[in-house]
Structure formats: structure tokens, C-alpha cells
Amino acid sequence: RVTRDAKTIEGASHVVLPGVGAFSECMRRLEGYGLVEPVMRAIESGKPFLGICLGLQLLFEESTEFGLHRGLGIIKGRVIRFPSPLKENEGENELKVPHMGWNSIKKEKDSPLLKDVPDGSFFYFVHSYLAVPADPSVSLTTTGYGVDFVSSISIENVFACQFHPEKSQRLGLRVLKNFKELG
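Since the structure is predicted, the reported quantities are computational estimates derived from the model, not experimental observations.

Colleague: In this structure, what is going on with the pattern of salt bridges? I would like to understand it.
Modeller: Pairing between side chains of opposite charge can happen when the charged atoms of each approach one another. By the definition in use, this model includes seven salt bridges. Between Glu10 and Arg41 there is a salt bridge, and its shortest N-O distance comes to 2.2 Å. Taken together, the residues span a long stretch of sequence, with Glu10 in helix H1 (residues 6–11) and Arg41 in helix H3 (residues 36–44) at a distance of 31 residues. Here Arg41 falls in the partly exposed class, since its relative accessible area comes to 38%. Arg29 is the salt-bridge partner of Glu25, the closest N and O atoms lying 2.8 Å from each other. On the criterion of helical spacing, the pair formed by Glu25 and Arg29 is a turn pair, its members being four residues apart in helix H2 (residues 23–32). Among the residues examined, Arg29 registers a relative accessible area of 42% and is labelled partly exposed. When salt bridges with common partners are traced through the structure, they connect Glu25, Arg28 and Arg29 into a single cluster.

Set out below in C-alpha cells:
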């Protein structure tokens, strides 16, 4: 169910925070709709929580997108723009930002969210900013695009991915099914 209703979020067994757009505008809207507290309570309650793309970035303390902006602060660290120039190898053409299209993940640890998802699987990405956690142990997967970046995180009941499982065909549906089966 798609909702802006705090009571619906509080009554949900699982919570998904999707996102496409600008970090500061999304935080402004979460605050304006009175959704920061229900999201925080959902996480604190131990409910399975899934952040997708900007939903992953919002979990961090701050973002440098269009200035410095405060996030939810669930994860220590910040969100920064891909460095420039960005190249896979010296002497090659510069990579384009946003990072858009299919790319593979490298598993850093096991998680029920990645059950039946092989290491090296491809998922669909579209983003110009990447999350840099203060504690690298939160990293569930990494992905290379000129630099290695955290492409998903896992902490207790919180899972979030920079890629879009909903656009990632069979394996993306597997991640969503795994999430549904939690709790």
C-alpha cells in the first residue's frame, strides 16, 4: 500500500521507503507530511524496513547534494556525488554520471535479503550520489563504477539498496520476495 498516513505506516508489518529525486526535497516532504517519526518508529520497532535508491541515502546523517542537508541519521556517514573525473581504468574515457543501467554486485556478507541471489548478479541503477558509511561493516554489497561504492546495506531489521529491485527483473523480484518473507 502506498501511503502518507502515519497510522498506516505504524500498522504495517513491513515498511518500504522508496525514492527518486533530490535528497533535500525528499527530507522536506517527509517532514512536511509528518512521516519522519513514523519511519523512525518503524525502524526502532524492529519491523523489516527496506530503503530503495534515495530511500537508502536518506538513512544517512547527511548529504552533499545541492548543499549540505540533514538525513534521518540511522546510519553514520554521508552521501556524496561520484568523484570527477570518473574512469574505470587509466587512459579510458570518462564514465558518465548519473550511473545509469545494469551493474553487478559483490556480496560483502550474507543476508536473508540476498537468499538465492548469486554474487556478481546484475541489478539496475540510476544515481549520481553514493553513500559512504562511517562503519564499513554495514555494507552488504559493493559495486564498481570508477570507484567501488556501497550498493546495499544491512543492519538488524534495516536493509537498503542503491539499485532498484523493482526494475531489476527476476533477481530484483527475488530481493523483494525475500524482504516480504522477513519477520
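More follows now that the structure is in view.
Colleague: What's the story with the packing of aromatic side chains in this structure? I'm lost.
Modeller: The geometry of two aromatic rings is summed up by the distance between their centres and the angle between their planes. The final tally for this structure, using the stated rule, is six aromatic pairs. Measuring from centroid to centroid gives 5.7 Å for Phe82 and Tyr145, while their planes differ by 70°, and the two rings are edge-to-face. In this pair, Phe82 sits in the loop between strand E5 (75–81) and strand E6 (99–104) while Tyr145 sits in the loop between strand E10 (139–144) and strand E11 (148–155), placing the two residues 63 residues apart along the sequence. Given the relative accessible area of 14%, Tyr145 is considered buried. Relative to Phe149, the ring of Phe82 lies with its centre 5.5 Å away and its plane at 85°, an arrangement referred to as edge-to-face. Linking Phe82 in the loop between E5 and E6 with Phe149 in strand E11, this pair joins segments that are 67 residues apart in sequence. A connected cluster of aromatic rings, assembled from ring pairs, spans Phe82, Phe123, Phe125, Tyr145, Phe149 and Phe163.

What counts as what
- Counting starts from 1 at the beginning of each chain's written sequence and moves along it residue by residue.
- Local features are withheld for residues below a pLDDT of 70 in this predicted model, meaning they are given only at 70 or higher, and side-chain atom pairs are given and counted only at 80 or more; totals for whole chains, interfaces and linings count all residues.
- With hydrogens and water stripped out, all remaining heavy atoms of the structure feed into the side-chain values.
- Every case where a carboxyl oxygen of Asp or Glu lies within 4 Å of a side-chain nitrogen of Lys or Arg is listed as a salt bridge.
- Numbering of helices and strands runs from the N terminus; a helix is a DSSP stretch of H or I covering at least four residues, while a strand is a stretch of E covering at least two.
- Here the term buried applies to any residue with accessible area under 20% of the maximum for its type, exposed to any over 50%, and partly exposed to those in between, with areas from a 1.4 Å probe on protein chains only.
- Centres within 6.5 Å are what make two rings of Phe, Tyr or Trp a pair, Trp counting through its six-membered ring; a difference in plane orientation under 30 degrees is then read as stacked, over 60 as edge-to-face, and the rest as tilted.

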